[in-house]
Amino acid sequence: MSQIAPKWYQSEDAPVAKQTRKTARPQKLRASLVPGTVLILLAGRFRGKRVVYLKNLEDNTLLVSGPFKVNGVPLRRVNARYVIATSTQVSVEGVDVSKFNVEYFAREKTPRSKKSEADLFNEAQPKKEIKAERIADQKSVDASLLAEIKKTPLLKQYLSASFSLKNGDRPHLLKF
Amino acid sequence: MSSYSTVKAANWRFVELGRVVLVDNKDLATIVEIIDQKRVLVDGPKFQRQAIALAKIVLTPIVLPNLPRGARTATVTKKWAAADIDGKWAATAWAKKLASRERRAQLSDFERFQVLVLKKQRRFAVKKAVAKA
């Protein structure tokens, strides 16, 4: 004798979600993505920029740095699929990237201010402040990167130049 | 309204035994036997001995002298080395053009950038010299 039969039944049964048969597995990057590789970003704010790949993060993104002084790309996450890995590599042995993880890049929780009429017509938005920690980290990472970059002639200029397709370029035939 | 024309003797590259041919813009071989109007038997030290259509090959100006008809691969290899066909071929402008085209296709993105910079430097030097003259 289990429970007493309920007095009231739902007219329609609550929907039960199907049990998923997918399992999340650790990301396997293509062989050309090795830390220290120069990548070409294909999409986003920095499309066309050539950038140094530092580390693979847990949310399946790549940690990347311009270096900032060279081309304006900060320490940033980038999707591995929107990137071309070139055959040029920079040694990142001396660069410490252990402190960078997904929480480091988590979005700030701003308290939602009440929308006022003034805001709708107001052009001037308060300037977004960059945390001092980010600036300091950028400087330290880039210092070691720049030391390595300077060893190869023209590499700094290469990183500051943007990639674009020129007349006569056949992307499927270009070697990167 | 008269134009002078000179008659020159014909100087064709013949389909003959020993004619060095280029296959598919990369492999060298010699004609070892002529099968019929359209096909020849070719063989090279680095090319599999085979019958091939004349439409698929290009005659080069180099000839391997005194190649007996139907010569087997070992003979071809020996005579090829003795005549230094590879050296003669590499010295031609044709081979150099093919090599540079291949090198250009293999350039990495960074190498392409380096070429850009070098071309700019050359352009600048030339224009400076021209402006000075």
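Computed from a predicted model, the values in this text were never measured in an experiment. Counting from 1, residues in each chain are numbered in the order their sequence is written. Ligands are numbered from 1 and chains lettered from A, in the order in which they are written. In view of the model being predicted, local features appear only for residues whose pLDDT reaches at least 70, and side-chain atom pairs are presented and counted only at 80 or more, with totals across whole chains, interfaces and linings using the full set of residues. With hydrogens and water stripped out, all remaining heavy atoms of the structure feed into the side-chain values.

A. The overall build of chain A, seen in detail. Put simply, DSSP marks the helices as runs of H or I at least four residues long and the strands as runs of E at least two long, and each gets a number from the N terminus on. Secondary structure assignment for chain A yields four helices and five strands. In sequence order, chain A lays out its α and β elements as β-β-β-α-β-β-α-α-α. We take the radius of gyration over the C-alpha atoms and set the globule estimate at 2.2 Å times the residue count to the 0.38 power. Compactness check: chain A gives a C-alpha radius of gyration of 24 Å against a globular reference of 16 Å for 176 residues, more than 25% above the reference. Overall size of chain A, expressed as C-alpha extent along the three principal axes, is 85 × 50 × 40 Å. Partly exposed describes any residue whose relative accessible area lies between the buried limit of under 20% and the exposed limit of over 50%, with all areas from a 1.4 Å probe on protein chains only and scaled to the type maximum. Looking at chain A residue by residue over its 176 residues, the buried ones come to 30%. The contact definition used throughout considers only heavy atoms, calling two residues in contact when any of these lie within 4.5 Å. Put simply, 64% of the contacts in chain A that link residues at least 6 apart link residues at least 24 apart. Using the Shrake-Rupley algorithm and a 1.4 Å probe, accessible areas are obtained, with residue cover drawn only from the displayed protein chains. Total accessible area on chain A stands at roughly 13800 Å², and carbon and sulfur atoms take up 53% of it. His is not counted, nor are the chain ends; Lys and Arg add positive charge and Asp and Glu add negative charge. For the purpose of locating charges, the reference atoms are NZ of Lys, CZ of Arg, CG of Asp and CD of Glu. Within chain A, one finds 33 positive and 17 negative side-chain charges whose respective centroids are separated by 7 Å.

B. The interface of chain B and chain A, seen in detail. With ten residues of chain B in contact, the opposing surface of chain A contributes 17 residues. Buried area adds together the accessible area that both of two parts lose upon being put together, with accessible area traced by a 1.4 Å probe. When chain B packs against chain A, the two sides together hide about 990 Å² of surface, and 64% of this comes from carbon and sulfur. On the chain B side of the contact with chain A, B:Asp109, B:Phe110 and B:Phe113 bury the most area, a combined 58% of that side's loss. A pair is scored as a salt bridge if a Lys or Arg side-chain nitrogen falls within 4 Å of a carboxyl oxygen belonging to Asp or Glu. Between the two partners, chain B and chain A, sit one salt bridge. The partner of B:Asp109 in a salt bridge is A:Arg50, and the shortest N-O contact between them spans 2.9 Å. Here a polar contact means two N or O atoms within 3.5 Å. Within protein one must be a hydrogen donor candidate and the other an acceptor candidate, and residues neighboring in sequence count only if both atoms are side-chain atoms. Where chain B packs against chain A, one counts three residue pairs in polar contact (both at pLDDT 80 or more). Considering each element in turn, the side of chain B that touches chain A owes the most residues, six residues, to helix H4 (residues 109-132) of chain B. Residues were grouped as follows: Ala, Val, Leu, Ile, Met, Phe, Trp, Tyr, Cys and Pro as nonpolar; Asp, Glu, Lys and Arg as charged; and all remaining residues, including Gly, as polar. Residues that form the side of chain B that touches chain A fall into these classes: five nonpolar, three polar and two charged.

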